[in-house]
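Each chain, written out:
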Amino acid sequence: LQALVGTPPPPIQHYSRDTIMEKLREGAVDVAFCALVVREEGAVDFSPPHLSTGLQAVVRADAEKVNFLQVLLLGVFKPFTNVFAQAALLLILYFAVFIAHIVWFLERIQNPGQFNPAYGPGIIDAIWFSMVTGLTVGYGDKVATTIPAKLVSIVWMILSAFFVGILAAALTSGFINTSLDTRLSIVLGSVSDL
């Protein structure tokens, strides 16, 4: 590296990820190597470099021992700690119940075979219809027959596609962040580790 650049490299300093982010914000360092998550976009410039040298940072791969329980806990449950995943899930549930009430009110008289006119059983039927319509393409056992209920169902299909997309994106982000968080403490001992 020294022959290529012409000057000896600066000494490598070891910092935690949080210290690196703090030093970047303060302007104490210009370049740092660590695993970053895109959520740091306010402090880090993720734009592509204007000058490409062909050099890449590489680190030694250390085999991690992973057991099934870690995968289950980190991969399945931790993404639901993401506030966007929680918000999307709550939006789906709230709107499903809201839409169910509207559909039940519109269908209960003209379609009593599929939506019971009594409130309790009828709302259960309508919630089933709303969840199936919103989360899939429809199961077919409950069908809206009146024009107003069909229009409400169309609006719900479009809204739920948006909410499910937010949920899927938030969960995917959670999986990626979980994977990155487990590898944040990469330490370079010397320039030869590059």
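Residues numbered from 1 in each chain as written. Predicted model: local features only at pLDDT ≥ 70, side-chain atom pairs only at ≥ 80, totals over all residues. Heavy atoms only, no water.

Quick look at the overall build of the protein chain
Secondary structure summary: the protein chain contains 6 helices and 0 strands in total. The order of α-helices and β-strands along the protein chain, N terminus first, is α-α-α-α-α-α. By the burial criterion, 25% of the 194 residues in the protein chain qualify as buried. Long-range pairs, those at least 24 residues apart, make up 61% of the contacts in the protein chain with a sequence separation of at least 6. With the model as given, the accessible surface of the protein chain reaches about 13400 Å², and the carbon-plus-sulfur share is 67%. (Helix = DSSP H or I, 4+ residues; strand = E, 2+ residues; numbered from the N terminus. Buried < 20%, exposed > 50% of the residue type's maximum accessible area, 1.4 Å probe, protein only. Contact = heavy atoms within 4.5 Å. Areas by Shrake-Rupley, 256 points an atom, 1.4 Å probe, with all protein chains shown as cover.)

As for the confidence of the model for the protein chain
When the pLDDT values of the protein chain are averaged, the result is 77; 66% of them are 70 or greater. By mean pLDDT, helix α3 (residues 68-77) is the weakest element of the protein chain at 68, and helix α5 (residues 119-135) is the strongest at 94. Here residues 184-194 is a poorly scored stretch, pLDDT under 50, and it has 20 contacts once near neighbours within four places are set aside; other chains count. (pLDDT = per-residue confidence, 0-100.)

Some thoughts on the pattern of salt bridges
Within the structure shown, the criterion is met by 1 salt bridge. With a shortest N-O distance of 3.8 Å, D125 and K142 are connected by a salt bridge. Of this pair, D125 sits in helix α5 while K142 sits in the loop between α5 and α6 (147-181), placing them 17 residues apart in sequence. The pair formed by D125 and K142 is uniform in burial state, with each residue classed as buried. (Salt bridge = Lys/Arg side-chain N within 4 Å of Asp/Glu carboxyl O.)

Re helix α4 (residues 83-107)
Side chains three or four residues apart in an α-helix point the same way, a direct result of the helix having 3.6 residues per turn. Its 25 residues give α4 an end-to-end C-alpha distance of 35 Å, which sits within 8% of 36 Å, the value for a rise of 1.5 Å per residue. Among all positions in α4, only A85, A88, I92, A96, I99, A100, V103, W104 and E107 are buried. (Expected span 1.5 Å × (residues − 1).)

Points about the nonpolar core
By size, the foremost hydrophobic cluster in this structure holds 20 residues, and its most contacted members are V103, F115 and L167. Of all elements in the fold, only α4, α5 and α6 reach the threshold of two or more residues within this core. Here this core takes 8 residues from α4, the largest share from any one element. Leave out the neighbours within four places in its chain, and F115 touches V103, W104, E107, R108, D125, A126, F129, K142 and V143. (Core = buried A, V, L, I, M, F, W, Y, C linked by side-chain atoms within 4.5 Å.)

Some words on the side chain of S153
Here S153 shows up in helix α6. A polar side-chain atom of S153 sits 2.8 Å from the main-chain carbonyl oxygen of A149. For S153, the residues in contact, after removing those within four places along its chain, are V103, F129, T133 and A144. (Polar contact = N/O pair within 3.5 Å; in protein donor to acceptor, adjacent residues only side chain to side chain.)

What about the packing of α4 against α5?
In contact at an axis separation of 8 Å, α4 and α5 are set at 125° when each is read in the N-to-C sense. One element, α4, and the other, α5, form an angle in the oblique class. The handedness of the crossing between α4 and α5 is right-handed. Residues I92, L93, A96, V97, I99, A100, H101, V103 and W104 of α4 pack against Y119, G122, I123, A126, I127, F129, S130, M131 and L135 of α5. Class assignment for the residues of the contact of α4 with α5 results in 15 nonpolar, 3 polar and no charged. (Axes fitted to C-alpha atoms, helices over the stretch in contact; angles between N-to-C directions. Parallel < 35°, antiparallel > 145°, perpendicular 65-115°, else oblique. Left-handed = near helix turned anticlockwise from the far one by under 90°. Nonpolar A, V, L, I, M, F, W, Y, C, P; charged D, E, K, R; others polar.)

A closer look at the packing of aromatic side chains
Considering all chains together, one arrives at 5 aromatic pairs under this definition. For the ring pair W104 and Y119, a centre distance of 5.4 Å and an interplane angle of 85° mean the geometry is edge-to-face. Here W104, found in helix α4, pairs with Y119, found in helix α5; they are 15 residues apart in sequence, far enough to count as distant. By relative accessible area, which is 11% here, W104 ends up buried. Note on W128 and Y139: the rings are 6.1 Å apart at their centroids and 85° apart in plane angle, and the pair reads as edge-to-face. Placement of W128 in helix α5 and of Y139 in the loop between α5 and α6 is noted, with a sequence separation of 11 residues between them. Look at W128 and you get partly exposed, because its relative accessible area is 40%. For Y139, a relative accessible area of 63% gives the class exposed. Three or more aromatic residues link up through ring pairs in this structure, and these residues are F95, F162 and F163. Cation over ring: R108 sits above W104, and NZ or CZ is 5.2 Å from the ring centre. (Phe/Tyr/Trp six-rings, centres within 6.5 Å; stacked < 30°, edge-to-face > 60°. Lys NZ or Arg CZ within 6 Å of the ring centre and 35° of its normal.)

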